[in-house]
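Residue-level structure breakdown
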Amino acid sequence: MTHSSKPRAKASYRFKASSNLCVIAILLGSTVSMVCGPALAQQTVLPDNSQLRGSIQGNTLQTQTTRPADSRAATTDSGIPSRAYEPVSPGALPAEDDSSNLGLLGVPQNDGSPPSGPADDSGGLNPPPSPEDQMTPVPTASVPTPEPRPGAPRPTAAAGDENNTDRDPENPYDTGAIEQSQEANPAENRAEKDNMPVSAIERRIPRPDPEPFAPLGIRAGTVTLRPSLSQGLRATTNADNSSDGKSAILSETRLRARATTDWSRHSAWLDFDGTYDKTLSGEEYSAPNIGLRAGFQLDLGARTTVKGEAGYRYRQEDPSAPTTLQGTSNRPGVQELDGTLGLRHEFGKFFGDVKGKVNRTTYGNAEFGNIAVSQKDRDNTFASIALRGGFEMSPAIKPFVEVEFGKLIYDEKVDFSGYRRSGVRSGLRGGVEIDFGEKMSGEFALGYLRQGIDDDRLQAVEGLSADAAIKWSPQRGTDVDIGLLTRVEGATAPGESGSVYYEGTVGIKRQVRANLDFNAKLIASLRDNKDDTGLDKGFGAEIGATYWFNRFVGLDVSARHQLVRSDVESRNTDETSVYVGVTLQR
């Protein structure tokens, strides 16, 4: 019993092991068949025991039925028609030239070589195409093509040919590599810049120089100097402008210079004007005339201003003036030195102005042949102070009232005739200040002036006072200067007190072209003599033009006429002259 149980146990154990192995084998077999079934199905044995390569795609049947007749397919006696292997990317393999293997009607011949490409496992559902089918192309419109990727531009057909595309005519299904198609996959462009600079709304447009012939000047720091020199000839009918003067041709030289500052707050200026006339032919005549004047303005605050001026002048005494000694062989020189200083302050709509003035006048010796007569008894100094007050009617119009007190002091208390000619001067004026910007500016005043004399034997010199200095520009390129002057003149003759002299001038300058200027000037004068000799009336007119070749050289021409009419024969004068010269400026 013992020996028989052991063989049974062993047999039972072996049976169980065999059963387990069978189950495992069945499972492995079914797994292998599931995994390798498709791969084994595509391994078709050819007559020469060779096998086809490649896997069968899911759309093999559809692709083989839709291939055009001109595709390169190969057939054998017992083989299956297949498409030659073509990589996805063109150019991966060298092109095969099988033109030598083409048969009748361009169909490849069967040379017995195994075809390449995927095998046809359709089981004979799709027989190989006949040569007639190969000659009939399948319409490309029926061939399904992949949709173009989003964003890629579609190929455009040529004009007149709707079916014309950029595809290969031999293989219309070959779209090429995506990275090589510039239309389907355009190159990435650089992103456009945003926040680009924008031009200014108001551009700075270069404008032509409005004064292309104006002097540039010589600049030294904040000071600009503009000098000019004129040289010419003057033909005159009365060389010395006397009652018995004769004609002559004179050489006239004139030097002018003006210096101005370019300070941000204050300002200053300097003017020089010198003329020298010398006879070239005719009556002997030599006359220097020099004028120098300077001024400044200090802005001490928004409403306080300080102004000052000083000047010097040298001239020859006017032969037609009643104070001139008659019969002299020369024209005595006269030197004038003056200075003013003023302070102005505004109180709301009102303003106050105080101004001090000092004048110094000296006379040279008068010559009678070889005899020189001193005129130092005529030398005098005048000092005055003027108070002005007014209100602002508008920013452009400011009426005012001015009171002046002064003292005229002669160096000699008693002159050569035994008279004391010093005295007190007083004046009262009323006027208006105007400021219309570049259009018009200046002031005008009317009043009464009285010059007293210490000597009771002489009567006071008094009369109407009229003073004005106005600059007017009626239109661009035209400047008008209007001036009025009133001054008291002394006397040297015994028993004579003096006179009141009035003078009015109107000067016009017109810029016809940038390099052509016209100018004209009218002068009218009136002398009220207090010695019962009546009135001396004078008139003068001058017209001229300047043509500038460039900024530095110009041609001047002018003509003038002036006369004086008086009840005293020695005061009557008449003169006409013509001038031609050249001006150099910087």
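Now for a look at the structure at hand.

What counts, and where the lines are drawn
The numbers attached to residues start from 1 for each chain and follow its sequence in the written order. Note on the predicted model: pLDDT of at least 70 is required for a residue's local features to be given, and 80 or more for side-chain atom pairs to be given and counted; whole-chain, interface and lining totals, by contrast, use all residues. As a rule here, side-chain values cover all heavy atoms of the structure and leave hydrogens and water aside. Only residues whose relative accessible area exceeds 30% and that form no salt bridge are eligible for patches; like-charged ones are grouped when within 9 Å, while nonpolar side chains (Val, Leu, Ile, Met, Phe, Trp, Tyr) are grouped when within 5 Å. Computed with a 1.4 Å probe, the accessible areas rest on the Shrake-Rupley method; for each residue, only the protein chains presented here act as cover. Put simply, a salt bridge is a Lys or Arg side-chain nitrogen that is within 4 Å of an Asp or Glu carboxyl oxygen. Every helix listed is a DSSP run of H or I at least four residues long, and every strand listed is a run of E at least two residues long, numbered separately from the N terminus. Buried means the residue's accessible area, taken with a 1.4 Å probe over protein chains only, is under 20% of the maximum for its type, while exposed means over 50%, and partly exposed covers the values in between. The criterion for strand pairing is that DSSP finds at least two bridges linking the strands in question. Nitrogen and oxygen atoms within 3.5 Å of one another constitute a polar contact, given that in protein one can donate a hydrogen and the other can accept it, and given that sequence-neighbouring residues count only through two side-chain atoms. Pairs of residues are marked as contacts when any of their non-hydrogen atoms sit within 4.5 Å.

1. Re a nonpolar patch on the surface
- A cluster of nonpolar residues, L229, L255, Y547, F549, L555, V557, V578, V580, V582 and L584, forms a patch on the protein surface that exposes about 800 Å² of accessible area.
- When residues of the nonpolar patch are traced back to their parent elements, those giving at least two are β22 (553–565) and β23 (573–585).
- The element that contributes the greatest number of residues to the nonpolar patch is β23, accounting for 4 residues.
- Structurally, V557 is set in strand β22.
- We classify V557 as partly exposed; its relative accessible area is 36%.

2. What to know about the pairing of strand β16 (residues 440–451)
- One ladder, built from 11 bridges, connects strand β15 (residues 423–435) with β16; its direction is antiparallel. When the bridges of β16 are listed, S426 appears paired with R450.
- With 12 bridges joining them, β16 and strand β17 (residues 461–475) adopt antiparallel strand pairing. When the sheet's bridge partners are listed, G447 is paired in β17 with S465.

3. Quick word on the side chain of S566
- Within the secondary structure, S566 is located in the loop between β22 and β23.
- A distance of 2.4 Å separates the side chain of S566 from the side chain of D536, its partner in a polar contact.

4. Concerning the environment of K471
- When you line up the elements, K471 lands in strand β17.
- Once residues within four sequence positions are removed from consideration, K471 is found in contact with K439, M440, S441, V480 and D481.

5. A few points about the environment of H561
- Take H561: it is sitting in strand β22.
- Spatially, the C-alpha atoms of H561 and G540 are 5.6 Å apart, while their sequence positions differ by 21 residues.
- Look past the residues within four positions of H561 in its chain and what remains in contact with it is F539, G540, A541, D574, E575 and T576.
- Of the polar contacts made by the side chain of H561, one reaches the backbone oxygen of E575; its length is 3.2 Å.

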